[in-house]
Amino acid sequence: MENFIYGRNNVLELLLDGRRSVSKIFLLKSPHDNPKINKIIDLAKNKGIVFQFLTKEKFQKYSDISHQGVIAFVPPVKYTDFDEFIKRDKKNKKVIITDGVEDPHNMGSIIRTAVCAGFDAVIFPSRRNSLINATVEKSSAGAVNHIDLILVNSLVSIVDKLKDNNFWIIAADMNAKDNYYEIDYCNMNFALVMGSEQEGISSSVLKKADYRIKIPMLVDFDSLNVANAASIIMYEAVKQIMQNSPDVV
């Protein structure tokens, strides 16, 4: 089953990256004086990718997405096998687990930040969580192609396997006592677990956490968007790692 990627920046990034095959590209039939559209056309020609100009009427099928006049059809993303990932010889692995993040925009944003923050993988369940679709791909700005994506049936069993492989489990929980910046993220393997905005992390996963952390709120307000909260915590880890090893970048 094919997936599709839409938007000028995302399709251009896809073609420039070159690691993922493209079967065809649909372009809105109109004067093409946009430099990104022209670059997409040139790259498609050079790579031998079929592209087709469609009228506005035929593009109506995709009117519910912000396609910007370009859609590229690709195979589904390739998921990484958990056991293969865990066998890789690398010190201080960092992964993020999403538990119930059903909004694809949030999922894409979390993946994008995970790539920028140097995380090694994103782990998510096959149920009650957004899977990788066109909206996730667009929201990630192509980041889905730059990180291991691990789809699992049971988060509980995966958390147990992570703990058996010397990972510390850090759960974001608004009812926690410890603040996110009080944890030492350096010199250890860790998995950061983010739950849904409505229900948080499932109780079966939360009880297995080694640390529970919160982001302090200075006003009486509900909570942060899950993607924003994940970004704050991930970049606290980046800050600590860079302070500990200034030559990391």
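Preceding this paragraph is the structure being described.
Residues numbered from 1 in each chain as written. Predicted model: local features only at pLDDT ≥ 70, side-chain atom pairs only at ≥ 80, totals over all residues. Heavy atoms only, no water.

Engineer: Can you help me understand empty space enclosed by the protein in this one?
Structural biologist: With a probe scaled to a water molecule rolled over the atoms, the places where space remains empty come into view. Summed over all chains, the structure comprises one cavity of 30 Å³ or more. Its volume calculated, the largest cavity comes out at about 40 Å³. Lining the largest cavity, in full, are Ile5, Asn10, Glu13, Leu14, Glu137, Gly142 and Asn145. The biggest single contributor to the lining of the largest cavity is helix α1 (residues 8-17), with three residues. Grouping the amino acids of the lining of the largest cavity by side-chain chemistry returns two nonpolar, three polar and two charged. (1 Å grid on protein atoms, 1.4 Å probe; cavity = no way out; pocket = protein on both sides within 12 Å on 5 of 7 lines; lining within 4 Å. Points joined across faces, edges and corners; volume = space filled by probe spheres on them. Helix = DSSP H or I, 4+ residues; strand = E, 2+ residues; numbered from the N terminus. Nonpolar A, V, L, I, M, F, W, Y, C, P; charged D, E, K, R; others polar.)

Engineer: Looking at this model, I keep getting lost on the layout of surface pockets. Mind explaining?
Structural biologist: Each pocket or cavity is described by its volume, and for the second largest pocket that value is around 310 Å³. In this structure, the second largest pocket is lined by 14 residues; those nearest its centre are Arg20, Val77, Lys78, Val144 and Asn145. Split by residue class, the lining of the second largest pocket holds six nonpolar, four polar and four charged.

Engineer: Whenever I open this one, unusual backbone geometry confuses me. Can you help?
Structural biologist: Note: most residues except glycine have negative phi, and most peptide bonds are trans. In this structure, Arg128 is a non-glycine residue whose phi angle is positive, near 60°. In this structure, Arg128 sits in the loop between β6 (121-125) and α6 (134-139). Backbone geometry places Asn187, a non-glycine residue, at a positive phi of 60°.

Engineer: Whenever I open this one, the packing of α1 against helix α2 (residues 35-47) confuses me. Can you help?
Structural biologist: Two numbers describe a pair of packed helices, the interaxial angle and the distance between the axes. The interhelical angle for the contact between α1 and α2, taken along N-to-C directions, is 30°, at an axis separation of 10 Å. In terms of their interaxial angle, α1 and α2 are classed as roughly parallel. For the pair α1 and α2, the sense of crossing is left-handed. The residues of α2 that touch α1, namely those facing Arg8, Asn9, Val11, Leu12, Leu15 and Leu16, are Lys36, Ile37, Lys39, Ile40, Leu43 and Lys47. (Axes fitted to C-alpha atoms, helices over the stretch in contact; angles between N-to-C directions. Parallel < 35°, antiparallel > 145°, perpendicular 65-115°, else oblique. Left-handed = near helix turned anticlockwise from the far one by under 90°. Contact = heavy atoms within 4.5 Å.)

Engineer: Honestly, a nonpolar patch on the surface in this entry has me stumped. Any pointers?
Structural biologist: A contiguous nonpolar surface patch, about 230 Å² in accessible area, is contributed by Tyr79, Leu131 and Leu151. Mapping Leu151 onto the fold places it in strand β7 (residues 148-152). (Patch = residues over 30% accessible without salt bridge, like charges linked within 9 Å, V, L, I, M, F, W, Y side chains within 5 Å. Areas by Shrake-Rupley, 256 points an atom, 1.4 Å probe, with all protein chains shown as cover. Salt bridge = Lys/Arg side-chain N within 4 Å of Asp/Glu carboxyl O.)

Engineer: Help me out: how do you make sense of the pairing of strand β8 (residues 167-172) in this one?
Structural biologist: Each regular strand shows side chains that alternate between the opposite faces of the sheet. Judged from the five bridges that link them, β8 and strand β10 (residues 189-195) form a sheet pairing that is parallel. Within β10, the position partnered with Phe167 by the bridge is Asn189. Pairing geometry for β8 and strand β11 (residues 211-214), over three bridges, is parallel. The partner of Ala172 across the bridge, within β11, is Ile213. (Pairing = 2+ DSSP bridges.)

Engineer: Just checking my understanding: could you explain the packing of aromatic side chains for this structure?
Structural biologist: Going through the model one piece at a time under the given rule, you end up with nine aromatic pairs. Taking the centre distance of 5.9 Å and the plane angle of 90° together, the rings of Phe51 and Phe53 count as edge-to-face. Since its relative accessible area comes to 23%, Phe51 is described here as partly exposed. Taking 5.8 Å as the distance between ring centres and 65° as the angle between the ring planes, the aromatic pair formed by Tyr79 and Phe124 counts as edge-to-face. Separated by 45 residues along the polypeptide, Tyr79 in the loop between β4 (70-74) and α4 (82-87) and Phe124 in strand β6 bring together distant segments of the chain. Owing to a relative accessible area of 0%, Phe124 belongs among the buried residues under this scheme. An aromatic cluster is present here, built from Phe4, Tyr6, Phe26 and Phe73 joined pairwise through their rings. Note that Lys93 overlies the ring of Phe85, its terminal NZ or CZ placed 4.8 Å from the centroid. Looking at Lys94, its charged tip hangs above the ring of Phe119, at a distance of 5.7 Å from the centre. (Phe/Tyr/Trp six-rings, centres within 6.5 Å; stacked < 30°, edge-to-face > 60°. Buried < 20%, exposed > 50% of the residue type's maximum accessible area, 1.4 Å probe, protein only. Lys NZ or Arg CZ within 6 Å of the ring centre and 35° of its normal.)

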